[in-house]
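Chain by chain, the residues run as shown.
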Amino acid sequence: MSENSADLTPTPPAQDGVLAGERLSFTGTLASMTHQQAHELTEKNGGVATASVSRLTTMLVIGEEGWPLEENGSPSLKLQQVSEWQHEGAAIRIVQESDWLEMLGLDRRDDEVHRQYTPAMLSQLLDVPVGVIRSWERAGLIRPVRRVFRLPYFNFQEVAGARRLAEMIADGVSKAEIQAGLAKLKHILPDIDQPLLQLELLARDKHVAYRDHGGLVETVSGQRLLDFDVPETSTAKQEPNTAEDAPQNVQTHWTADDWFEAACRHLEDQQLNEAVEAFRLCLIDDPHRPDANFQLAEVLYRLGRIDGALERYHVAVELDHNYLEAWTQLGCLHAERGEPQAALEAFDVALDVHAEYPDAHLHKAEILQQLGRIEEAVEHWQTYLKFDTRGPWADNARRRLEAAGVPVE
């Protein structure tokens, strides 16, 4: 809901409830629900919800999906106004979404705010390609909260915040403006430095960049940028932007890691044929890399070379039996080829390795549904919804359950 929309016509508040006597407004994007639902929940618990703030406001709730920043990098208008009134002595509380949910005793909703997601789930939720999420991880912009073998799980808030910052810089908001906006939030949001712990966000030609041992690297494409902040006496290694840009005498000394990074940059730049070549050169130097075989399979699939992709996924799991994403991709590829039994076998291996792997549960349910094994599919859809309750995959799982006549909470 837009923060500038007119106040909702409030329903008569309950005479009691944990929010009795409170007049609330919400700013930023809520992670647990829509603003409309938050208004309804507020009034159900005895409070009054408004779309705008006034001196009668007693509580401003900050949504925890991304940062509460305007398009120009400044704190939200509501937050600026309430902060000003607080400075003048107004008794208005500013609370975070998770604290508000705890206030209402909604532990389950609070769990949603802090839920962990796989790269594929985040891709669906945030409409960000999986490859970009992986590049953000390599850059240090986001860090997994845990790993199950090679499979990373991320905090949704951190990734949503990174996407918000990347969008602002891509839209031309300067680094200084964003830093100034974040600085103004610091006394309200103590964890504001979290996405910047190992990353320096810079605006260079509208690109997001981070600093590594060799200088500045564009986050999405992986290309190296000229760094005018590096002292002239710096001995930092300046690597070429791509394998093709590297002088021949440099390329001859490239390691498997160098070729792997070059291949990933080509992949992110949609230079698929160049990515294939670089991944193959990586594997010539180190043929036993599961990750290089997995990424090569991804590129071959996007080029429509299905048989080659299938073979490389198989090599990846032969080299690392616990490579969960490779097993899941094998299952999806077999399903696409009309080989449901082979697909089920691949998903079963993934679930044997990691019984709570959400992606495998969802994909297996879809195959079982196609085979008419609805009762078995129901179990996997229900399991998936324990891990994701609001993304498009969750919506699909709920629709499938409803079609099967199974009640959905």
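Refer to the structure above for everything that follows.
The rules we used
Residues numbered from 1 in each chain as written. Predicted model: local features only at pLDDT ≥ 70, side-chain atom pairs only at ≥ 80, totals over all residues. Heavy atoms only, no water. Pairing = 2+ DSSP bridges. Helix = DSSP H or I, 4+ residues; strand = E, 2+ residues; numbered from the N terminus. Core = buried A, V, L, I, M, F, W, Y, C linked by side-chain atoms within 4.5 Å. Buried < 20%, exposed > 50% of the residue type's maximum accessible area, 1.4 Å probe, protein only. Contact = heavy atoms within 4.5 Å. Salt bridge = Lys/Arg side-chain N within 4 Å of Asp/Glu carboxyl O. Axes fitted to C-alpha atoms, helices over the stretch in contact; angles between N-to-C directions. Parallel < 35°, antiparallel > 145°, perpendicular 65-115°, else oblique. Left-handed = near helix turned anticlockwise from the far one by under 90°. Nonpolar A, V, L, I, M, F, W, Y, C, P; charged D, E, K, R; others polar.

Two pairing modes exist for strands in a sheet, parallel and antiparallel, and in both the strands are linked by backbone hydrogen bonds. If you walk across this open sheet you meet the 3 strands as β5-β7-β6, and the pairing is antiparallel. Among the strands making up the open sheet, the edge pair consists of β5 (116-117) and β6 (146-148). Direction of pairing for β6 relative to strand β7 (residues 151-155): antiparallel, over a ladder of 3 bridges. Looking at the pairing, Val148 lines up with Leu151 of β7.

Below, the discussion takes up the nonpolar core. Core analysis: the largest hydrophobic core is formed by 42 residues, its most contacted members being Phe279, Val299, Tyr313, Leu324, Trp327, Leu330 and Tyr357. Only β7, α10 (256-268), α11 (272-285), α12 (290-302), α13 (306-319), α14 (324-336) and α15 (340-353) provide two or more residues apiece to this core. Sequence-distant contacts of Leu330, that is, excluding residues within four places in its chain, are made with Leu310, Tyr313, His314, Val317 and Ala346. Ranked by size, the runner-up nonpolar core spans 34 residues in total, among them Tyr117, Ala162, Phe347 and Val406.

It is worth spelling out the pattern of salt bridges at this point. By the definition in use, this model includes 16 salt bridges. Notably, a salt bridge pairs Arg138 with Glu261, separated by 4.0 Å at the nearest N-O pair. One end of the pair, Arg138, is in helix α6 (residues 130-139); the other, Glu261, is in helix α10, and 123 residues separate them in sequence. Overall, the relative accessible area of 33% leaves Arg138 in the partly exposed class. Among the salt bridges present, the one from Glu366 reaches Arg400, with a minimum N-O distance of 2.8 Å. With Glu366 in helix α16 (residues 358-370) and Arg400 in helix α18 (residues 392-403), this pair connects stretches of sequence that are 34 residues apart. One continuous salt-bridge network, built from bridges that share partners, spans Arg134, Glu298 and Glu325.

Here the focus is the packing of α6 against α10. Direction vectors running N to C along α6 and α10 enclose 140 degrees, while the axes themselves pass 10 Å from each other. Taken together, α6 and α10 sit at an angle that is classed as oblique. Crossing of α6 over α10 shows left-handed handedness. Contacts from Gly131, Ser135 and Arg138 in α6 reach Glu261, Cys264 and Glu268 in α10. Of the residues that constitute the contact of α6 with α10, the class distribution is 1 nonpolar, 2 polar and 3 charged.

Quick look at unusual backbone geometry now. Of note in the backbone geometry, Asp127 takes a positive phi value of approximately 55 degrees without being a glycine. One can find Asp127 in the loop between α5 (119-126) and α6. The class for Asp127 is exposed, based on a relative accessible area of 70%. Positive phi is not limited to glycine here, since Gln270 has a value of about 65 degrees. When you line up the elements, Gln270 lands in the loop between α10 and α11.

So, about the environment of Val48. Of note, Val48 is situated in strand β2 (residues 48-49). Taking the C-alpha atoms as reference points, Val48 and Arg23, separated by 25 residues in sequence, lie 4.7 Å from one another.

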